[in-house]
Amino acid sequence: MTLTIGERAAAMLAEAAAISEPGAGVTRLPFTPEHARANELIGGWMRSAGLKTHIDAAGTLIGRREAATPDAPTFLLGSHQDSVRGGGAYDGIMGVLLPILALEEFGDRPLPFAVEVLCFADEEGVRFPTALIGPRALAGTLDRNVLEMSDRRGISLRDALDGFGDPAAIGDIARPASTVLGYLETHIEQGPVLEAAGLPVGIVTAIAGIERHAVTVTGRAAHAGTAPMELRRDALCAAAELVSAVERICRETDQAVGTIGHLDVAPNVVNAVPAKVHCTIELRSAEDTIRTRVAERVAAAARDAAAQRDCSWQMERTYQQPAMACAPRLQDALATAIKTAGQRPLHLMSGATHDASAMADLCPVAMLFVRCRDGVSHNPAEYAAPEDMERAVVVLREFLKRLASDEDS
Ligand code: HGY
Ligand code: MN
Ligand code: MN
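Since the structure is predicted, the reported quantities are computational estimates derived from the model, not experimental observations.

Rules used in this analysis
Residues numbered from 1 in each chain as written. Chains lettered and ligands numbered in written order. Predicted model: local features only at pLDDT ≥ 70, side-chain atom pairs only at ≥ 80, totals over all residues. Heavy atoms only, no water. Helix = DSSP H or I, 4+ residues; strand = E, 2+ residues; numbered from the N terminus. Buried < 20%, exposed > 50% of the residue type's maximum accessible area, 1.4 Å probe, protein only. Contact = heavy atoms within 4.5 Å. Areas by Shrake-Rupley, 256 points an atom, 1.4 Å probe, with all protein chains shown as cover. Lys, Arg positive; Asp, Glu negative; His and termini not counted. Charge placed at Lys NZ, Arg CZ, Asp CG, Glu CD. Donors = N, O, S within 2.8 Å, 3.2 Å for Na, K, Ca; no water. Near = heavy atom within 4 Å. Polar contact = N/O pair within 3.5 Å; in protein donor to acceptor, adjacent residues only side chain to side chain. Nonpolar A, V, L, I, M, F, W, Y, C, P; charged D, E, K, R; others polar. Domains from an automatic or database assignment. Buried area = accessible area lost by both parts, 1.4 Å probe. Salt bridge = Lys/Arg side-chain N within 4 Å of Asp/Glu carboxyl O.

Colleague: Would you mind showing me how to read the overall build of the chain here?
Modeller: Scanning the chain from N- to C-terminus turns up eleven helices and 16 strands. Seen along its three principal axes, the alpha-carbon backbone of the chain occupies a region of about 80 × 45 × 45 Å. By residue count, 55% of the 409 residues in the chain fall in the buried class. Across the chain, every contact between residues at least 6 apart in sequence was considered, and the portion connecting residues at least 24 apart equals 78%. Accessible surface, the chain: about 17000 Å² in total, of which carbon and sulfur atoms supply 51%. Within the chain, one finds 39 positive and 54 negative side-chain charges whose respective centroids are separated by 2 Å.

Dropping the structure here:
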């Protein structure tokens, strides 16, 4: 029985999803044995579609299709192979697979531009307190100091990358902007907008800006039974007030969201007043000025919460990327491709960040969103329907055909 393209995509993503650490959902972190096995599988997908594969110094798996003429520019597509812990089967990797399936249609018919499908190693920033080293290396914006950052086991990004790419050469792979036509990332929406509109695909207008802070609140451990309440320096109570403040400030600020995704308590035992809390604060907004203002208010809330309990506090920004607008010309080309594919174009903002955020420093970028069931993502229940994935492949094909006719003319 011949599978539809959507059914093939679903089966291939299910196979990829099985390449994971044990546990619910998909846990596939960068520069791990799971990543190596995923690269083998995805490299096979690329080669079956006629792409030549290699891994660049930043650990990006690249499938390349040459142009009709050797000095032609390249159009880039792709997304990331890694997941969050306990994530879904579509975030990232679907945006690597669908362009590969779209390219099958062209067989070995040369296009007036080369095409590369990029499979970035680390977009989520879960293992290391940084992310996007692949697109940043291509854009020439990578701060190589991040190679010294370590994961929770003390393994540096440099050492982890060594088995995949070439840390010493990571500064040499920046692409000249003149050689790149643009970058188009296909991604599950991770939100409810397309489902609410009854549409299978959408066009991203802009990607939210993001900043992450590492917060430490320090009080004093004490006996839970003998320490009077008024003499305590309870770090967790101070942190709890800060957590509530982040929620309150972001609820009352339009276009801002804030999350405390990680929190550790020490000594973390039932009968001791908490001495220290480490937590992360993440803020996002489509407007950078809004995000900056929220961060100021959050820092003031941390100061007050700590002062009221005679605790000290630190809040260090560990990551940030500005809000990024997608290229109007590529958005228009996507809209035309969507209409040609028989769908209604809908434009929407992305609250999630993506590899495209960093690729925008190299070339014009666009994103094609695919409907996400219940808007659920970063969760094992994440789901994109085979028929929606098929429609996205048709849109990608129409987009590349239109780009080719523009380039030819
Ligand atoms: O956090 C994000 O927005 C992306 O999924 N890494
Ligand atoms: Mn993603
Ligand atoms: Mn994600």
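Here the narrative resumes.
Colleague: Sorry if this is basic, but what is going on with the coordination of the manganese ion (ligand 3) here?
Modeller: Geometry sets the ideal angles at a metal, namely 109.5 degrees for four tetrahedral donors and 90 or 180 degrees for six octahedral donors. The protein atoms donating to the manganese ion (ligand 3) are Asp91 (OD), Glu124 (OE), Glu124 (OE) and His378 (NE2), with metal-donor distances spanning 2.1 to 2.7 Å. Separating the manganese ion (ligand 3) from the manganese ion (ligand 2) is a distance of 3.4 Å, and aspartate 91 supplies a donor atom to each of them. Taken together, the residues span a long stretch of sequence, with glutamate 124 in the loop between β4 (114-120) and α4 (133-139) and histidine 378 in the loop between β16 (365-370) and α11 (386-408) at a distance of 254 residues. Among the residues examined, histidine 378 registers a relative accessible area of 41% and is labelled partly exposed.

Colleague: What's the story with the coordination of the manganese ion (ligand 2) in this structure? I'm lost.
Modeller: Around the manganese ion (ligand 2), the protein contributes the donor atoms His80 (NE2), Asp91 (OD) and His187 (NE2), which lie 2.1 to 2.2 Å from the metal centre. Mapped onto the sequence, the residues coordinating the manganese ion (ligand 2) show the spacing H-x10-D-x95-H.

Colleague: Sorry if this is basic, but what is going on with the site of ligand 1 here?
Modeller: Lining the immediate environment of ligand 1, one finds Glu123, Glu124, Arg212, Arg284, Ala352, Thr353 and His378. In the model, an oxygen atom of ligand 1 is placed 2.8 Å from a nitrogen or oxygen of the threonine 353 main chain. Taken together, the residues of the shell around ligand 1 sort by class into one nonpolar, two polar and four charged.

Colleague: Before we go on, may I ask you to explain the environment of alanine 67 in this structure?
Modeller: Summarising the element assignment, alanine 67 is placed in the loop between β2 (61-65) and β3 (74-80). Alanine 67 sits 16 residues away from leucine 51 along the chain, and the two C-alpha atoms are 12 Å apart. When sequence neighbours within four positions are dropped, the list of residues in contact with alanine 67 reads Ala72, Pro110, Leu111, Pro112, Phe113 and Ala114.

Colleague: Even after reading the chapter, I still don't get the domain arrangement of the chain, so can you show me in this structure?
Modeller: It is common to report an interface's size as the accessible area lost on association of the parts. In terms of domains, the chain is made up of domain 1 (5-208 + 323-408) and domain 2 (209-321). Its C-alpha centre places domain 1 at a distance of 34 Å from the equivalent point of domain 2. Taken residue by residue, the interface counts 16 residues in domain 1 and 13 residues in domain 2. Of the roughly 910 Å² buried where domain 1 meets domain 2, counting both sides, 47% is carbon and sulfur surface. Where domain 1 meets domain 2, there are zero salt bridges.

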